[in-house]
Amino acid sequence: MATIRLTAAQAMVRYLSNQMNEDGERFLAGCWAIFGHGNVAGMGEALYHGRGSFPTWRGHNEQTMAHAAIAYSKQLGRKRAMMVTSSIGPGATNMVTAAALAHVNRIPVLLVPGDVFANRGPDPVLQQVEDFEDSTISVNDCFRPVSRYFDRIMRPEHLLTALPRAMATMTDPAQCGPVTLAFCQDVQTEAYDYPESFFEPKVWYQRRIRPDEGELARVVEAIKAAKKPMIVAGGGVHFSDACADLQTFAETFGIPVVETQAGKSALAWDHPLNLGPVGVTGAESANRACAETDLVLGVGTRFQDFTTGSWTVFNGGAKLVSLNVQAYDAVKHGAMPLLADARVGLKDLASALGSYKGGLSIDGFKDAWFGKVDPLTDAPAEGNELPTDQQVIGAVQRASGPDTVVMCAAGTMPGELHKLWKAPRPGAYHMEYGFSCMGYEIAGAMGIKMAQPERDVICMIGDGSYMMANSELATAAAMGLKITLVITDNRGYGCINRLQMGTGGAEFNNLLDHSSAADSNIDFAAHSASMGAAAVHVSSIAELEDALARARDAAGPFVVVIDTDPYPSTPHGGNWWDVAVPEVSERAEVNDARKVYEAALLERT
Ligand SMILES: Cc1ncc(C[n+]2csc(CCOP(=O)(O)OP(=O)(O)O)c2C)c(N)n1
Ligand SMILES: [Mg+2]
């Protein structure tokens, strides 16, 4: 057997450089890296020599580097991914939040934190947490519950099984998610005679699971028996490239579609059968359909609580069918399962449904919805009032084209964008709402731009999220990545303040003015500019529109800061959301809110 003598780190880089997707691209585009003693000598050396075929990018925080990697993969429908490497201590634990984010959202990312010495020679090495009872524990064990596949590389030959398993996990449509290979720092540097065949180029094809005949027959029977079916489109529709198939299916059988946060943009916003966003942050058009339907066909959805209104949005008598590639999701909440890839599942369903037609009448639903919400996004008449976030969305929408990707993750904007944003085509809307992680936004926008350099990326970000993680703005500036940030500064955690008020609470510790940080005054434009972005503070919606027009000519990141009113949110649409209210309180408003809460709970059961 022909062999080649490489360090384990060199072998990892060489192996990963040769894993391809079915479009002939390297599956792993490259590696984000911050070095420390736990990876600089081993992994650092290997990445340096491999940089011709496997690029390395330098970021400023391990969590946000991983966010960039995750956004990259999400935007590409999981067709490609990135690796992220860190040292063995805080660098590693910084990535745990990102691992959880990728886990929830089912996005592939390869995390390679360094680990303590396998030979235990220097124990305790710098940054080693010492478990008094278990010598096999290191900080990297934090990754176990948030990794789809976790392994610890304690011998160079472990890579021979670990790397193929890592690839298999990241390319498996059902098991897909973060892989953590905790790489003992001494092992990274150890040489081994690897078989040359291990490094031969390998293509990983997208597996499209076909439905089981029995399951298909039972689901077809259920749909044929339904008079008013509807479809909930989730993120799996995008991951399966099934948007066009879904549209054809909906049109053929006259079945309306509603969209989750991850599913939004599956159908163009103005398609007559797209009733818009569903659930807690949904439109009246969509939620009305949910109330009237007798069969809900979920396609590629996890049915998370924002989608289901904590399981109150659907007509209680409606049958639940779940077309999903993952059995866990296919049987959720007692659903009738159809375990399959979305695209082939819809095709097989279509062949079996024959001349069936759905009968949910949706006349006027959409017009009524847009009649109510369109005025909210109109430019305001001249005046001194603080703009609203809805008016900001309107201005950004007017400045957007078919190539725009609007993105966001946490705060007021995800709910408002879900309701109000008009996405013209698949991929035009990128929302991380599985983990809704403050701090995903800037790094995520950077990852999207790396995935699709030809598209305009607009990142909507609150002052809170900006303060949580902004340092990759300097990375984007240094790399010349043209992204536009719209920072809505409402002086605090506006959405949580409204939630606090909604549960009867006193305004406390959310807006800056109700907190220990009342004297805070941050110049976001100056801060962004200091990191190399072109930045401007605007005072009105008209000025925002002017700035967005100028953003088109920017060479790198362009930041527009606008002060907004923290109190208004779109009053129309939306569904109840289960947020538990204290059972006893000195505050009358809390006791009143508890009564409303208990009444709502009764309606669910
Ligand atoms: C890492 C993280 N911490 C806390 C939260 C809970 N949370 C959700 S939104 C939010 C406030 C967001 O404030 P900002 O970005 O200013 O948006 P706004 O609602 O004010 O528009 C908080 C604290 C979260 N989602 N993520
Ligand atoms: Mg805010």
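Structural data are supplied above this passage.
Residues numbered from 1 in each chain as written. Chains lettered and ligands numbered in written order. Predicted model: local features only at pLDDT ≥ 70, side-chain atom pairs only at ≥ 80, totals over all residues. Heavy atoms only, no water.

Another point: the sheet that holds strand β19 (residues 456-462). A sheet is described by the order of its strands in space; here 6 strands give the open sequence β18-β17-β19-β20-β22-β21, paired in parallel fashion. Every interior strand has two partners, whereas the edge strands, β18 (429-431) and β21 (534-538), have only one. Direction aside, neighbouring strands of the sheet carry axes that sit 20 degrees apart on average. Taken strand by strand, helix α23 (residues 541-551) contacts β20 (483-489), β21 and β22 (558-563), and its axis lies near 175 degrees from that of β22. (Pairing = 2+ DSSP bridges. Helix = DSSP H or I, 4+ residues; strand = E, 2+ residues; numbered from the N terminus. Axes fitted to C-alpha atoms, helices over the stretch in contact; angles between N-to-C directions. Contact = heavy atoms within 4.5 Å.)

Geometry of an aromatic ring pair is reported as the spacing of the ring centres plus the angle between the planes. In total, this model carries 15 aromatic pairs according to the counting rule given. By the ring-pair criterion, three or more aromatic residues cluster together here, those being Tyr15, Tyr192, Tyr194, Phe198 and Phe199. The residue whose ring lies beneath Arg14 is Phe199, and the NZ or CZ to ring-centre distance is 5.7 Å. Across the ring face of Trp269, the terminal group of Lys422 is positioned such that the distance to the ring centre comes to 4.8 Å. (Phe/Tyr/Trp six-rings, centres within 6.5 Å; stacked < 30°, edge-to-face > 60°. Lys NZ or Arg CZ within 6 Å of the ring centre and 35° of its normal.)

Spatial ordering of the open sheet is given by β13-β12-β11-β14-β15-β16, a layout of 6 strands whose pairing is parallel. Since the sheet does not close on itself, it has two edges, and those belong to β13 (274-277) and β16 (336-339), each with one partner. Mean inter-strand twist for the sheet, computed between neighbouring axes without regard to direction, equals 20 degrees. Pairing geometry for strand β12 (residues 257-259) and β13, over 3 bridges, is parallel.

Before going further, it helps to spend a moment on the pairing of strand β14 (residues 295-299). Of all 5 residues in β14, 5 are buried, a share of seventy percent or more. The alternating pattern of β14 places Leu295, Leu297 and Val299 and Val296 and Gly298 on opposite faces, both of which are buried. When strand β11 (residues 229-233) meets β14, the two strands line up parallel, connected through 5 bridges. Bridge pairing in β14 links Ile231 to Leu297. Where β14 meets strand β15 (residues 319-324), 5 bridges bridge the pair, whose relative direction is parallel. For Val299, the partnering residue across the bridge sits in β15 and is Leu323. (Buried < 20%, exposed > 50% of the residue type's maximum accessible area, 1.4 Å probe, protein only.)

Below, the discussion takes up the environment of Gly556. On the secondary structure map, Gly556 appears in the loop between α23 and β22. When its relative accessible area of 14% is taken as the criterion, Gly556 is described as buried. When the C-alpha positions of Gly556 and Arg604 are compared, they lie 50 Å apart, and in sequence the two are 48 residues distant. Apart from residues no more than four positions distant in its own chain, Gly556 is found in contact with Gly480, Leu481, Lys482 and Ile483.

Across all of its chains, the model carries 25 salt bridges by this definition. Ionic contacts of the salt-bridge type, sharing partners, join the residues Lys79, Arg208, Asp241 and Asp341 into one network. (Salt bridge = Lys/Arg side-chain N within 4 Å of Asp/Glu carboxyl O.)

Attention now goes to the environment of Pro201. Within the secondary structure, Pro201 sits in the loop between β9 (191-195) and β10 (202-204). Each C-alpha atom, one on Pro201 and one on Leu511, is 54 Å from the other, the two residues being 310 residues apart in sequence.

Viewed as axis vectors pointing N to C, helix α1 (residues 8-17) and helix α6 (residues 159-170) meet at an angle of 35 degrees, and their least axial separation amounts to 11 Å. In this structure, the crossing between α1 and α6 has a hand that is right-handed. Contact residues: Ala8, Ala11, Met12, Tyr15 and Leu16 in α1; Leu159, Leu163, Pro164 and Met167 in α6. Here the contact of α1 with α6 is composed, by residue class, of 9 nonpolar, no polar and no charged. (Left-handed = near helix turned anticlockwise from the far one by under 90°. Nonpolar A, V, L, I, M, F, W, Y, C, P; charged D, E, K, R; others polar.)

Near ligand 1 you find 15 residues, and of these Thr412, Asp463, Gly464, Gly492 and Gly494 are the closest. In this structure, a nitrogen atom belonging to ligand 1 sits 3.3 Å away from a main-chain N or O atom of Met438. Within the side chain of Asp463, one N or O atom sits 2.8 Å away from an oxygen atom of ligand 1. When the free accessible area of ligand 1 is taken as 590 Å², the share hidden by the protein chains comes to 77%. Elements with a minimum of two residues in the shell around ligand 1: α19 (463-468) and α21 (494-502). (Near = heavy atom within 4 Å. Polar contact = N/O pair within 3.5 Å; in protein donor to acceptor, adjacent residues only side chain to side chain. Areas by Shrake-Rupley, 256 points an atom, 1.4 Å probe, with all protein chains shown as cover.)

Structurally, the position occupied by Thr564 is in the loop between β22 and α24 (588-604). Reaching out from Thr564, the side chain makes a polar contact with the side chain of Asp389 at a distance of 2.9 Å. Filtering out sequence-adjacent residues up to four positions away, Thr564 remains in contact with Leu386, Pro387, Thr388, Asp389, Val392, Thr488, Asp489 and Asn490.

As a further point, take the nonpolar core. With 59 residues, the main nonpolar core has Trp32, Val84, Tyr466 and Leu485 as its most contacted residues. The residues contacting Val84, other than those within four sequence positions of it, are Trp32, Glu62, Met65, Ala66, Ala69, Met95, Val109, Leu110, Leu111 and Val112. Core analysis: the next-biggest nonpolar cluster, separate from the first, contains 50 residues, Val237, Phe249, Leu295 and Val321 among them. (Core = buried A, V, L, I, M, F, W, Y, C linked by side-chain atoms within 4.5 Å.)

In this section: helix α8 (residues 213-225). With 13 residues, α8 extends 18 Å from end C-alpha to end C-alpha; this agrees with the ideal 18 Å at 1.5 Å per step. Within α8, burial applies to Glu215, Leu216, Val219, Val220, Ala222 and Ile223. Buried residues of α8, seen end-on, are gathered within an arc of 160 degrees and therefore sit on one face of the element. Exposed residues pointing more than 90 degrees away from the buried face of α8 are listed as Glu213, Glu221 and Ala225. Where α8 is buried, its residues contact β14, β15, β16 and α14 (342-353). (Expected span 1.5 Å × (residues − 1). Arc of directions from axis to C-beta.)

A separate point is the pairing of β15. With 5 of 6 residues buried, β15 is to be regarded as a mostly interior element. Sheet analysis places β15 next to β16, joined by 4 bridges and oriented parallel. Bridging from a neighbouring strand, Asn324 pairs with Leu339 of β16.

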